[in-house]
Amino acid sequence: MALATRTDRRPSITRTLWDSTVGKKTVMAVSGLIMLAYLVVHMLGNVKVFFGADEFNAYGHWLRHMGEPFLHSHWGLWAARIVLLASVVAHAVSAYQLSRRDIKARPVKYAHKRRRAGYATRTMRWGGVIVGLFIVWHILDLTTLTVNERAWAGHPYENVLATFSTWYGNTIYIVAMAAVALHVRHGFWSAAQTLGVGNARRDKALKFLANALALVLFAGFVSVPVAVMTGVVS
Amino acid sequence: MKLTLRVWRQKNADAPGTMATYEVDGISQDMSFLEMLDTLNEDLILRGEDPVAFDHDCREGICGACSLVINGDAHGPERTTTCQLHMRSFADGDTIDVEPWRAAAFPVVKDLVVDRGAFDRIIQAGGYITAPTGSAPEAHATAVPKAAADHAFEHAECIGCGACVAACPNGSAMLFTSAKVNHLGVLPQGSPERETRVLDMVARMDEEGFGGCTLTGECATACPKGIPLPSIAAMNKEWLRATRKAKR
């Protein structure tokens, strides 16, 4: 008699990843790390504002011509934009689906309320939404220059000054950077756990790295509006 | 001790429930929390009322039958099971809130009793391990490294009580599942099923309607057996490894 043979097959890796809560967290971790790497580069670029209009504007010009003459003008920029857009969408869709699931998993709340988890952990969802809204504002303000009142195309230095000379420009930016820092604080460490890099031995180092990244990003980004407000950059 | 209890009362799975208030008197601080509830139930029976239903079995902290969220904490304020929680952890005149585990995957059966069958089904999904049957194997035939034995034992301590799910703001069973996956994943016995075990257990966990992990750490804080939070990262690693190999 022939033995029964298994004929069912595992679904593809993509299917397994997307259908599982663990897999979707992996999508969030990877897309989050891509965006975090971008933030570090972005912050380093921003602090060039301290070295004068010429250097900053030249840097802005270079961004549009990255990879030339191998790449056509703007191709490098658009490649980066496409990767970032894909990361934002993957991150947000996973977060939305996982959050819906999490809320459904606890249909009846406890009558005895108690604060659970730290501030950075509790604010991941709404903090993420705030950061998402800020990105829209930020693009309208300094990329398309739609909402920038003293916009001057091709002169990023002057546009940055215009943004940070308004009270709302400063407020929106600083609040958003605080949200980014809190998000990175829990997000970076969580990504390490999700990707299976975290363990008891590395825990302290990973938490330190998460806090350091959050702090450096916050300080680097916020230094620009503060410098404009105090007249260090003018 | 004299105490005021606010206890979740629910006739059956379909009936709506409510927090009912009871006064209990003559409680010794050497009583366990369950003995205090026994005292309340004796009172209720004498008054002709329905006693409060709650799960319990060994009452020595090793079976995982007892549950209860006490003042918002799974198994109450001490890091132990409810049966090993003593009334000396409370003060005379306290008001204590007693609720069942709250999770979509753990439906309330009656009062404080919930159906934890979802955990059994996660275990079942893990399947068998290949082991020779018949006479007892030679003890030294399969060498287990000391570090692996310790790791497995640490995770074998999980009694499947469900406190991790009750404490998690997302009602996630990641700590429970990770305890089982870590326990078996490092041992040479059962290593042929290493990949299918983690894939099937995690898939079953998701099917049962548990939430996802947001690494709040509430589970590991509540766990009476001290299953550590990094076990979840270890399971993620194991799951990602199995996904890449995805063989069957």
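These figures come from a predicted structure and were not determined experimentally.

A word on the overall build of chain B
And then number 1: Broken down by element type, chain B carries eight helices and seven strands.
And then number 2: A principal-axis box enclosing the C-alpha atoms of chain B has dimensions of 60 × 35 × 35 Å.
And then number 3: Sorting the 248 residues of chain B into buried and exposed places 52% on the buried side.
And then number 4: Taking as baseline every contact in chain B between residues at least 6 positions apart, the subset at least 24 positions apart corresponds to 68%.
And then number 5: Approximately 10,700 Å² of chain B is accessible, and the part contributed by carbon and sulfur atoms is 51%.
And then number 6: Between the averaged position of the 24 positive side-chain charges in chain B and that of its 34 negative side-chain charges there is a distance of 8 Å.

Focus: helix 4 (residues 75–104) of chain A
All names here are of chain A.
And then number 1: With 30 residues, helix 4 extends 43 Å from end C-alpha to end C-alpha; this agrees with the ideal 44 Å at 1.5 Å per step.
And then number 2: Listed in full, the buried residues belonging to helix 4 are Gly 76, Leu 77, Leu 84, Ser 87, His 91, Ser 94, Leu 98, Ser 99 and Asp 102.
And then number 3: Close packing links the buried residues of helix 4 with helix 1 (13–19), helix 2 (21–46), helix 3 (53–64), helix 6 (124–142) and helix 8 (167–194).

Re helix 1 (residues 33–46) of chain B
All names here are of chain B.
And then number 1: Spanning 14 residues, helix 1 covers 20 Å between terminal C-alpha atoms, matching the ideal 20 Å at 1.5 Å per step.
And then number 2: In the core, the buried residues of helix 1 are packed alongside strand 1 (3–9), strand 2 (18–24), strand 3 (69–70) and strand 5 (95–99).
And then number 3: Just beyond helix 1, the residue with positive phi is Gly 48, at close to 80 degrees.

Overview of the UniProt feature "transmembrane region" (unreviewed entry) in chain A
Residues and elements named next belong to chain A.
And then number 1: UniProt marks residues 27–45, 75–98, 119–140, 160–184 and 205–228 with the feature "transmembrane region" (unreviewed entry), using the numbering shown here.
And then number 2: In this annotation, residues 27–45 is assigned 100% helix and 0% strand; the end-to-end C-alpha distance for the span is 27 Å.
And then number 3: Taken end to end, residues 119–140 comprises 95% helix and 0% strand; its first and last C-alpha atoms sit 30 Å apart.

Considering the interface of chain A and chain B
And then number 1: Facing the 39 residues of chain A at the interface are 46 residues of chain B.
And then number 2: Summed over both sides, the interface of chain A with chain B buries roughly 3,500 Å², with 55% coming from carbon and sulfur.
And then number 3: Three residues, Arg10(A), Tyr110(A) and His112(A), lead the burial of chain A against chain B; their summed loss comes to 20% of the area buried on that side.
And then number 4: Connecting chain A to chain B are three salt bridges.
And then number 5: Residue Asp206(B) is joined to Arg101(A) by a salt bridge in which the shortest nitrogen-to-oxygen separation is 3.8 Å.
And then number 6: On inspection of chain A and its partner chain B, the count reaches 22 residue pairs in polar contact (both at pLDDT 80 or more).
And then number 7: The set of elements that each furnish at least two residues to the side of chain A that touches chain B consists of helix 1, helix 2, helix 4 and helix 8 of chain A.
And then number 8: Looking at side-chain class alone, the side of chain A that touches chain B contains 12 nonpolar, 14 polar and 13 charged residues.

With respect to the pairing of strand 5 of chain B
Residues and elements named next belong to chain B.
And then number 1: Counting buried positions along strand 5 yields four of five residues, so the element is predominantly enclosed.
And then number 2: Here strand 3 runs beside strand 5; their pairing, made up of two bridges, is antiparallel. Across the sheet, residue Val 69 finds its bridge partner in strand 5, namely Glu 99.

What about the pattern of salt bridges?
And then number 1: Here the structure, examined in full by the defined rule, presents 22 salt bridges over all chains.
And then number 2: Put simply, Asp73(B) and Arg114(A) hold a salt bridge, and the shortest N to O gap is 2.8 Å. Of the two residues, Asp73(B) is situated in strand 4 (residues 73–74) and Arg114(A) in the loop between helix 4 and helix 5 (119–122); the pairing between them involves two chains.
And then number 3: A relative accessible area of 23% places Asp73(B) in the partly exposed class.
And then number 4: Classification of Arg114(A) as partly exposed rests on a relative accessible area of 34%.
And then number 5: By sharing partners, the salt bridges in this structure join Arg9(B), Asp50(B), Lys110(B) and Asp111(B) into a single network.

Considering a nonpolar patch on the surface
And then number 1: There is a patch of nonpolar side chains on the surface, built from Val30(A), Ile34(A) and Val83(A) and spanning about 220 Å² of accessible area.
And then number 2: Along the chain, Val83(A) turns up in helix 4.

Things to note about unusual backbone geometry
And then number 1: For the bond running from Glu68(A) to Pro69(A), omega is 5 degrees, close enough to zero to count as cis.
And then number 2: Looking at the secondary structure, you find Pro69(A) in the loop between helix 3 and helix 4.
And then number 3: At Leu215(B), a residue that is not glycine, the phi angle is positive and equals roughly 55 degrees.

Some thoughts on the packing of helix 8 of chain A against helix 9 (residues 203–230) of chain A
Residues and elements named next belong to chain A.
And then number 1: In contact at an axis separation of 8 Å, helix 8 and helix 9 are set at 165 degrees when each is read in the N-to-C sense. Looking at the two axes, helix 8 sits roughly antiparallel to helix 9. Helix 9 is crossed by helix 8, and the crossing has right-handed handedness.
And then number 2: The class makeup of the residues in the contact of helix 8 with helix 9 is 20 nonpolar, three polar and three charged.

Here we look at the packing of aromatic side chains
And then number 1: Scanning the model with the defined rule gives 12 aromatic pairs over all chains in all.
And then number 2: Plain terms: the ring middles of Phe56(A) and Tyr59(A) are 6.4 Å apart, the flat faces sit at 55 degrees to each other, and that makes the pair tilted. Of the two residues, Phe56(A) and Tyr59(A) are both situated in helix 3; the distance of three residues between them amounts to about one turn of the helix. No difference in accessibility class separates Phe56(A) from Tyr59(A), as the two residues are buried.
And then number 3: With a centroid separation of 6.0 Å and 40 degrees between ring planes, the pair formed by Phe119(B) and Phe210(B) is classed as tilted.

Reading guide: rules and limits
- Residues numbered from 1 in each chain as written.
- Chains lettered and ligands numbered in written order.
- Predicted model: local features only at pLDDT ≥ 70, side-chain atom pairs only at ≥ 80, totals over all residues.
- Heavy atoms only, no water.
- Helix = DSSP H or I, 4+ residues; strand = E, 2+ residues; numbered from the N terminus.
- Buried < 20%, exposed > 50% of the residue type's maximum accessible area, 1.4 Å probe, protein only.
- Contact = heavy atoms within 4.5 Å.
- Areas by Shrake-Rupley, 256 points an atom, 1.4 Å probe, with all protein chains shown as cover.
- Lys, Arg positive; Asp, Glu negative; His and termini not counted.
- Charge placed at Lys NZ, Arg CZ, Asp CG, Glu CD.
- Expected span 1.5 Å × (residues − 1).
- UniProt positions renumbered as here; feature names shortened; annotations may be inferred.
- Buried area = accessible area lost by both parts, 1.4 Å probe.
- Salt bridge = Lys/Arg side-chain N within 4 Å of Asp/Glu carboxyl O.
- Polar contact = N/O pair within 3.5 Å; in protein donor to acceptor, adjacent residues only side chain to side chain.
- Nonpolar A, V, L, I, M, F, W, Y, C, P; charged D, E, K, R; others polar.
- Pairing = 2+ DSSP bridges.
- Patch = residues over 30% accessible without salt bridge, like charges linked within 9 Å, V, L, I, M, F, W, Y side chains within 5 Å.
- Axes fitted to C-alpha atoms, helices over the stretch in contact; angles between N-to-C directions.
- Parallel < 35°, antiparallel > 145°, perpendicular 65-115°, else oblique.
- Left-handed = near helix turned anticlockwise from the far one by under 90°.
- Phe/Tyr/Trp six-rings, centres within 6.5 Å; stacked < 30°, edge-to-face > 60°.

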